Amino acid sequence: MEEQWSRRELDLHLRIDRAHGLRAGLERALRDAVRDGRLAAGTPLPSSRALARDLGVARGTVTQAYDQLIAEGYLSARQRSGVHVAPQPATRPARTPGMATPFPQLYVPPAAGVDLRPGRPDLSLFPRGPWLAATRKVLQTAPNSAFGNADPTGDAVLKEALAHYLGRARGVVTTPDRIVVCAGFTHALRLICQAVRLDGAAAVAFEDPFPRDYRLLAERAGLDTVHIPVDGDGLEVDRLTGRPAAVVTTPAHQYPLGVTLRPDRRTRLVAWAHRTRGFIVEDDYDGEFRYDRQPVGALQGMAPDRVVYVGTTSKTIGPGLRLGWLVVPDGLFSPLQQVMDGDAAHVSVIDQLVLAHLIRTGEIDRHLRRCRSRYRRRRDLLGAAVARRLPHARLSGIAAGLHAVLQLPGGSAAEPALLHHLAGRGVTVDGLSAYYHRPERSPYGIVIGYAAPPQHGYDHAVNTLIDAVDAA
């Protein structure tokens, strides 16, 4: 009787060169598939009978090829479960001269040990129950048309829900037809850079400090980048001179310094945009998380015709959703639509409808209250530990958000040694200089993300960090 495993309907695409014989060609095709990673470790292979039938060869040819590759370590045979691809030694592919480096490096894998890098929420707070219930509701009630080709600018149901929510919670002035749904901030910034380039722009300005990879995105779109310093009152608006057609800013909680753009500078920034017909790109990445007073309203409400407002679920729910939105002024909407016509990074309609349901039912507000409570306690614990055990250091940027800057006495030249020391103790943080256009001009400090460690390990994470800094 044929073994049960061999009855599986497994498709296996093999490129067989018969020039040196059928069996040798089959062996080489399987060997190459394993080496290339097209057949991953643990992948079950078809039975010799099934593969022989698919290839139109004798069963003995397949059996002999399998036996040879088992002997070489490419395959393994398990009793009563058939032939599988064997685990292979980890190898790094050889680098071909001139091979382009992936650019920019926007994905950074999790670090082992105590990972306190900024930009990461506590993923254990993901609202699994409400998300599951909303998904069921959406699948039960959505019309059949929801599963067809979608509007690339986003589903109308979500855009309507966002228009109401952003107006209520963030002071954004918009209508649903001026909202574009995108796949997170990276996608949003790429679209904006391409749109302003299409509109005739030659340069875009960024805060300094700001994440370096986002500046690289603009350069990749063919734009020059201008770097505007940030001080204790936010962006130095008076430095905005010359060519920039847009400025990317984080006015509610500057990233990474954590300062808020002073009211008179907000006014001058809006005046600059009106005077030059430039655009302000407002990255409201964690505007919902303010702890000591009411959140600062969005800058967009002061100049809906000149501000491109960008928000995402990356900090509020989880970055894995890849779900964000732009509120686009009339003057940029047409070039942005042209860019989106050729952009394939559309967001799942189901996820859009689920988020819309959570917004309409108030579940998002309840979720954010739970998050604020946990993050405030974490911030307070970190602040108390620094004040008690590192009196020479100063923690700043803690009025809002999910991260803080630990400013240390001395110059930034000491930063690499500190980061190396922390890594040796199993602690991963960001050095402040990594965000500066001229790293040598950076103050001495580290950027600490206090949201990401699991709740049960947070005390240990803070103590490990403080011990390591104190011993450096």
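The text that follows walks through the structure, step by step, so that each part is easy to find.

**A few points about the sheet that holds strand β7 (residues 234-235)**
Link 1 in the chain: Read from one edge to the other, the open sheet built from 8 strands follows the order β4-β11-β10-β9-β8-β5-β6-β7, with strand pairing classed as mixed. Among the strands making up the open sheet, the edge pair consists of β4 (179-182) and β7.
Link 2 in the chain: Alignment of strand β6 (residues 224-231) against β7, held across 2 bridges, turns out to be antiparallel. Residue V230 lies in a different strand from β7, and its bridge partner there is L235.
Link 3 in the chain: Against the sheet, helix α9 (residues 330-341) contacts β4, β9 (279-283) and β10 (307-312), and its axis sits at roughly 35° relative to β4.

**Focus on the side chain of D365**
Link 1 in the chain: By the secondary structure assignment, D365 is in helix α11 (residues 363-389).
Link 2 in the chain: One polar contact links D365 to R168, side chain to side chain, over a distance of 3.0 Å.

**A short note on the pairing of strand β1 (residues 75-78)**
Link 1 in the chain: Across 4 bridges, the pairing between β1 and strand β2 (residues 82-85) is antiparallel. Bridged to R78 within β2 is G82.
Link 2 in the chain: Between β1 and β2, which pair antiparallel in sequence order, lie 3 residues; one of them, R80, sits at a positive phi of approximately 65°.

**So, the sheet that holds strand β13 (residues 403-411)**
Link 1 in the chain: Reading across the sheet, the 4 strands line up as β12-β13-β16-β15 and stay open at both edges, with antiparallel pairing between neighbours. Every interior strand has two partners, whereas the edge strands, β12 (394-396) and β15 (430-431), have only one.
Link 2 in the chain: The sheet strands contacting helix α12 (residues 415-424) are β13, β15 and β16 (443-449), and the helix crosses β16 at an angle near 30°.

**As for the pattern of salt bridges**
Link 1 in the chain: Throughout the structure, instances matching the rule amount to 25 salt bridges.
Link 2 in the chain: R178 serves as the salt-bridge partner of D177, at 3.6 Å between the closest nitrogen and oxygen.
Link 3 in the chain: Residue D177 is classed as partly exposed on the basis of its relative accessible area of 45%.
Link 4 in the chain: The shortest N-O distance in the salt bridge between R178 and D330 comes to 2.5 Å. Here D330 lies in helix α9 and R178 lies in the loop between α5 (156-170) and β4, a separation of 152 residues in the sequence.
Link 5 in the chain: One connected set of salt bridges, linked through shared partners, spans D233, D238, R262, D264 and R268.

**Quick word on the pairing of β13**
Link 1 in the chain: In the sheet, β12 pairs with β13 via 3 bridges, with the strands oriented antiparallel. Bridging from a neighbouring strand, S396 pairs with V405 of β13.
Link 2 in the chain: Linking two consecutive strands that pair antiparallel, namely β12 and β13, is a turn of 6 residues; a positive phi of about 75° is found at G397 within it.

**Details of unusual backbone geometry**
Link 1 in the chain: Look at the link from D208 to P209: it is a cis peptide, with omega at 20°.
Link 2 in the chain: Mapped onto the fold, P209 is located in the loop between β5 (203-208) and α7 (212-220).
Link 3 in the chain: The peptide bond linking Y255 to P256 adopts the cis configuration, its omega dihedral lying at 15°.
Link 4 in the chain: Mapping P256 onto the fold places it in the loop between β8 (246-249) and α8 (263-276).
Link 5 in the chain: Positive phi values are uncommon outside glycine, yet R277 reaches one of about 60°.
Link 6 in the chain: On the secondary structure map, R277 appears in the loop between α8 and β9.
Link 7 in the chain: For R277, a relative accessible area of 54% corresponds to the exposed category.
Link 8 in the chain: In this model, R322 sits at a positive phi of 50°, which is unusual for a non-glycine residue.
Link 9 in the chain: By secondary structure assignment, the location of R322 is in the loop between β10 and β11 (324-327).

**As for the nonpolar core**
Link 1 in the chain: Of all hydrophobic cores here, the largest spans 65 residues; its most connected members are L382, L406, I446 and L465.
Link 2 in the chain: Leaving out residues up to four positions away in the same chain, L465 has contacts with L116, L382, L422, V427, V429, I446 and I448.
Link 3 in the chain: Core analysis: the second largest hydrophobic core is formed by 31 residues, F185, A195, A218 and M340 among them.

**With respect to empty space enclosed by the protein**
Using a probe with the size of a water molecule, rolled over the atoms, empty space left in the structure can be pinpointed.
Link 1 in the chain: Summed over all chains, the structure comprises 5 cavities of 30 Å³ or more.
Link 2 in the chain: As a volume, the largest cavity reaches approximately 90 Å³.
Link 3 in the chain: If you list the elements that add at least two residues to the lining of the largest cavity, you get α5, α10 (349-360) and α11.

**So, helix α3 (residues 59-72)**
Link 1 in the chain: Helix length check: α3, at 14 residues, gives a terminal C-alpha distance of 20 Å against a target of 20 Å (1.5 Å per residue), a fit within 8%.
Link 2 in the chain: Of all the positions in α3, only T61, V62, A65, Y66 and L69 are classed as buried. All buried residues of α3 project into a common sector of 130° when viewed along the axis, lining one side.
Link 3 in the chain: Taken together, the buried residues of α3 touch α1 (22-36), α2 (48-55), β1 and β2.
Link 4 in the chain: The positive-phi residue at the C-terminal boundary of α3 is G73, with phi of around 90°.

**Structural notes on the packing of α2 against α3**
Link 1 in the chain: At their nearest, the axes of α2 and α3 sit 8 Å apart, and the two run at 120° to each other. In terms of orientation, α2 and α3 fall into the oblique class. For the element pair α2 and α3, the recorded crossing hand is right-handed. Contact residues: S48, R49, L51 and A52 in α2; R59, V62, T63 and Y66 in α3.
Link 2 in the chain: Tallied by class, the residues present in the contact of α2 with α3 amount to 4 nonpolar, 2 polar and 2 charged.

**A closer look at the packing of α5 against α10**
Link 1 in the chain: Axis separation between α5 and α10 bottoms out at 8 Å; the angle between their running directions is 35°. The crossing of α5 and α10 is left-handed. In this structure, α5 contributes V157, L158, A161, L162 and Y165 to the contact, and α10 contributes Q352, L353, L355, A356, I359 and R360.
Link 2 in the chain: The residue inventory of the contact of α5 with α10, partitioned by class, reads 9 nonpolar, 1 polar and 1 charged.

About the thresholds
- Residues numbered from 1 in each chain as written.
- Predicted model: local features only at pLDDT ≥ 70, side-chain atom pairs only at ≥ 80, totals over all residues.
- Heavy atoms only, no water.
- Pairing = 2+ DSSP bridges.
- Helix = DSSP H or I, 4+ residues; strand = E, 2+ residues; numbered from the N terminus.
- Contact = heavy atoms within 4.5 Å.
- Axes fitted to C-alpha atoms, helices over the stretch in contact; angles between N-to-C directions.
- Polar contact = N/O pair within 3.5 Å; in protein donor to acceptor, adjacent residues only side chain to side chain.
- Salt bridge = Lys/Arg side-chain N within 4 Å of Asp/Glu carboxyl O.
- Buried < 20%, exposed > 50% of the residue type's maximum accessible area, 1.4 Å probe, protein only.
- Core = buried A, V, L, I, M, F, W, Y, C linked by side-chain atoms within 4.5 Å.
- 1 Å grid on protein atoms, 1.4 Å probe; cavity = no way out; pocket = protein on both sides within 12 Å on 5 of 7 lines; lining within 4 Å.
- Points joined across faces, edges and corners; volume = space filled by probe spheres on them.
- Expected span 1.5 Å × (residues − 1).
- Arc of directions from axis to C-beta.
- Parallel < 35°, antiparallel > 145°, perpendicular 65-115°, else oblique.
- Left-handed = near helix turned anticlockwise from the far one by under 90°.
- Nonpolar A, V, L, I, M, F, W, Y, C, P; charged D, E, K, R; others polar.

In short, shape yes, function no, at least from these values alone.
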